[in-house]
Amino acid sequence: QREQLAREIEQLGRLLMQARPPQLLIVGRRGAGKSSLINAICKMRVAATGAVLSETTEPKWYDVITPHGKLSLLDTRGLGESSPLGRGGRADPFGQLHATIDVKTPDALLFLIKAKEVDARGAEDVRGVLEIRQYIQRRHGANVPVLVLVTQVDELDPKRVDPPFDHPEKQAHIRL
């Protein structure tokens with residue numbers, strides 16, 4: 001019994017030493033609301049958002065203190081993003097993301113998709129998400145779960161319905 005207790009204490013010690021805030025990787029197409037989600041969680045504007053052009057030029061970790069504890073959020077360029085970066089060149093968004101993931105291992109991947117684009121380029125998006133997930137598996141041995149978040153449901157018809165979107169037609173579109 002003493003040996004078993006010693007093993008259990010050792011295991012608990014390892015778990016305590018590995019304790020850290022959850023680390024979430026946020027991906028999606030440009031304009032899906034990745035930076036806006038980070039700003040909403042932080043309750044202040046920490047990540048730049050753009051009305052027309054992409055503002056996120058490279059992956060960036062944000063460390064947030066919430067009422068439930070600390071949280072690390074990784075904001076990324078849009079999947080399929082090809083707009084030029086600040087120095088006039090084009091960077092491989094996956095290469096940038098890999099380098100960032102090498103430093104900090106995400107615990108989960110949040111895939112954001114606009115409500116009006118759930119059937120647009122879906123296979124391409126899924127390939128991108130799977131490539132990221134497989135890279136994390138190869139590099140860190142972690143099978144991170146993927147959570148899909150549908151954003152911008154307010155854009156679904158009828159548009160002039162305010163939250164909580166009790167309108168039956170709006171609810172039908174959200175369910176679809």
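Residues numbered from 1 in each chain as written. Predicted model: local features only at pLDDT ≥ 70, side-chain atom pairs only at ≥ 80, totals over all residues. Heavy atoms only, no water.

Engineer: Explanation requested: the overall build of the chain in the structure shown.
Structural biologist: For the chain, the helix and strand inventory stands at five helices and five strands. When the helices and strands of the chain are listed from N to C terminus, the series reads α-β-α-β-β-α-β-α-β-α. Buried positions account for 34% of the 176 residues belonging to the chain. Carbon together with sulfur atoms contributes 54% to the accessible area of the chain, which is approximately 11600 Å² in total. (Helix = DSSP H or I, 4+ residues; strand = E, 2+ residues; numbered from the N terminus. Buried < 20%, exposed > 50% of the residue type's maximum accessible area, 1.4 Å probe, protein only. Areas by Shrake-Rupley, 256 points an atom, 1.4 Å probe, with all protein chains shown as cover.)

Engineer: For this particular structure, what's the right way to read the pairing of strand β2 (residues 60-66)?
Structural biologist: Looking along a regular strand, one sees the side chains alternate between the two faces of the sheet. As paired elements, β2 and strand β3 (residues 69-75) share seven bridges and run antiparallel to each other. Note on β3: the bridge partner recorded for Tyr62 is Leu73. The antiparallel hairpin formed by β2 and β3 contains two residues in its connecting segment. (Pairing = 2+ DSSP bridges.)

Engineer: Just to check I follow, could you spell out unusual backbone geometry for this structure?
Structural biologist: Residues other than glycine predominantly adopt negative phi, and peptide bonds predominantly adopt the trans conformation. Following Asp157, the chain continues to Pro158 via a peptide bond in cis, the omega torsion being -15°. With respect to the helices and strands, Pro158 occurs in the loop between β5 (146-151) and α5 (168-175). Within the chain, Phe165 stands out as a residue other than glycine whose phi angle is a positive 60°. Relative to the helices and strands, Phe165 is located in the loop between β5 and α5. Under the relative-accessibility criterion, Phe165 is labelled buried at 11%.

Engineer: Explain the pattern of salt bridges to me, please; I cannot follow it from the model alone.
Structural biologist: One side chain can pair with another of opposite charge once the charged atoms of both are near each other. Applying the stated criterion across every chain yields a total of six salt bridges. Arg20 serves as the salt-bridge partner of Asp107, at 2.7 Å between the closest nitrogen and oxygen. One end of the pair, Asp107, is in the loop between α3 (93-103) and β4 (108-114); the other, Arg20, is in the loop between α1 (2-18) and β1 (23-28), and 87 residues separate them in sequence. In this structure Asp107 comes out as partly exposed when scored by relative accessible area, which is 31%. Judged by its relative accessible area of 41%, Arg20 is partly exposed. The shortest N-O distance in the salt bridge between Glu117 and Lys114 comes to 3.6 Å. Residue classification places Glu117 among the partly exposed positions, given a relative accessible area of 24%. (Salt bridge = Lys/Arg side-chain N within 4 Å of Asp/Glu carboxyl O.)

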